[in-house]
Amino acid sequence: MADSFTDKEPEGKEEISLTVHLDNENYPEVSIELYRYDGSYCQAVVDGEPVSLVERTSVVDLIEAVNAIVLN
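Everything numeric in this text was worked out from a predicted model, so none of it was measured.

A. Representation of the pattern of salt bridges. One pass over the structure, following the stated rule, counts three salt bridges. With a shortest N-O distance of 2.8 Å, Arg36 and Glu15 are connected by a salt bridge. On the criterion of sequence distance, the pair formed by Arg36 in strand β3 (residues 29–36) and Glu15 in strand β2 (residues 14–21) is long-range, its members being 21 residues apart. The buried category is assigned to Glu15, whose relative accessible area is 17%.

B. Up close: the environment of Thr19. For Thr19, the location among the structural elements is in strand β2. The exposure class of Thr19 is partly exposed, given its relative accessible area of 43%. Taking the C-alpha atoms as reference, Thr19 lies 17 Å from Val60; in sequence the two are 41 residues apart. Beyond its immediate stretch of four places on either side in the chain, Thr19 contacts Glu29, Val30 and Ser31.

C. Structural view of a negative patch on the surface. A surface patch of negative charge is lined by Asp7, Glu9, Glu29, Asp47 and Glu49. Positionally, Asp47 belongs in the loop between β4 (41–46) and β5 (49–55). For Asp47, a relative accessible area of 47% puts it in the partly exposed group.

D. Region of interest: the environment of Arg56. As for its placement among the helices and strands, Arg56 is situated in helix α1 (residues 56–71). Distance from Arg56 to Leu18, taken between C-alpha atoms, is 16 Å for residues 38 residues apart in sequence. Contacts of Arg56, omitting those with residues within four sequence positions, involve Glu15, Arg36, Asp38, Gly39, Ser40, Tyr41 and Cys42.

E. Geometry of a nonpolar patch on the surface. A contiguous nonpolar patch, built from Val20, Leu22 and Tyr27 and spanning about 290 Å² of accessible area, is present on the exposed surface. Classification of Val20 as partly exposed rests on a relative accessible area of 32%.

F. Expanded view of the nonpolar core. Formed by Ile16, Leu34, Cys42, Ala44, Val54, Val59 and Ile63, the largest nonpolar core amounts to seven residues. Elements supplying a minimum of two residues to this core: β4 and α1.

G. Inspection of the sheet that holds β3 at higher detail. On the basis of which strands lie adjacent, the open sheet formed by five strands has the order β1-β5-β4-β3-β2 and antiparallel pairing. Every other strand in the sheet has two partners, leaving β1 (2–5) and β2 as the edge strands with one partner each. Sheet twist, expressed as the average angle between the axes of neighbouring strands with direction ignored, equals 25 degrees. In this structure, β4 lies alongside β5, joined through six bridges in antiparallel fashion. Looking across to β5, one finds that Tyr41 is bridged to Glu55. Each of β2, β3, β4 and β5 touches α1; the most contacted strand, β2, lies at about 65 degrees to it.

Here is what the cut-offs are and how they apply
- Residues numbered from 1 in each chain as written.
- Predicted model: local features only at pLDDT ≥ 70, side-chain atom pairs only at ≥ 80, totals over all residues.
- Heavy atoms only, no water.
- Salt bridge = Lys/Arg side-chain N within 4 Å of Asp/Glu carboxyl O.
- Helix = DSSP H or I, 4+ residues; strand = E, 2+ residues; numbered from the N terminus.
- Buried < 20%, exposed > 50% of the residue type's maximum accessible area, 1.4 Å probe, protein only.
- Contact = heavy atoms within 4.5 Å.
- Patch = residues over 30% accessible without salt bridge, like charges linked within 9 Å, V, L, I, M, F, W, Y side chains within 5 Å.
- Areas by Shrake-Rupley, 256 points an atom, 1.4 Å probe, with all protein chains shown as cover.
- Lys, Arg positive; Asp, Glu negative; His and termini not counted.
- Charge placed at Lys NZ, Arg CZ, Asp CG, Glu CD.
- Core = buried A, V, L, I, M, F, W, Y, C linked by side-chain atoms within 4.5 Å.
- Pairing = 2+ DSSP bridges.
- Axes fitted to C-alpha atoms, helices over the stretch in contact; angles between N-to-C directions.

Next up, the structure:
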């Protein structure tokens, strides 16, 4: 969930990036990159466009979930 919106280019380290393949003829895939913003937030970039800040705890939960699936 977005906490606030921004169009600023990310400056922090990339935490995770995902490409989601959709069953949609007009939008077959979406690319999501999450960058560290500060200790509390990460910055979301969707299809190359900076979009919003999200709570870093949510990003950490996502990283852990992906790792659990990949390493299981």
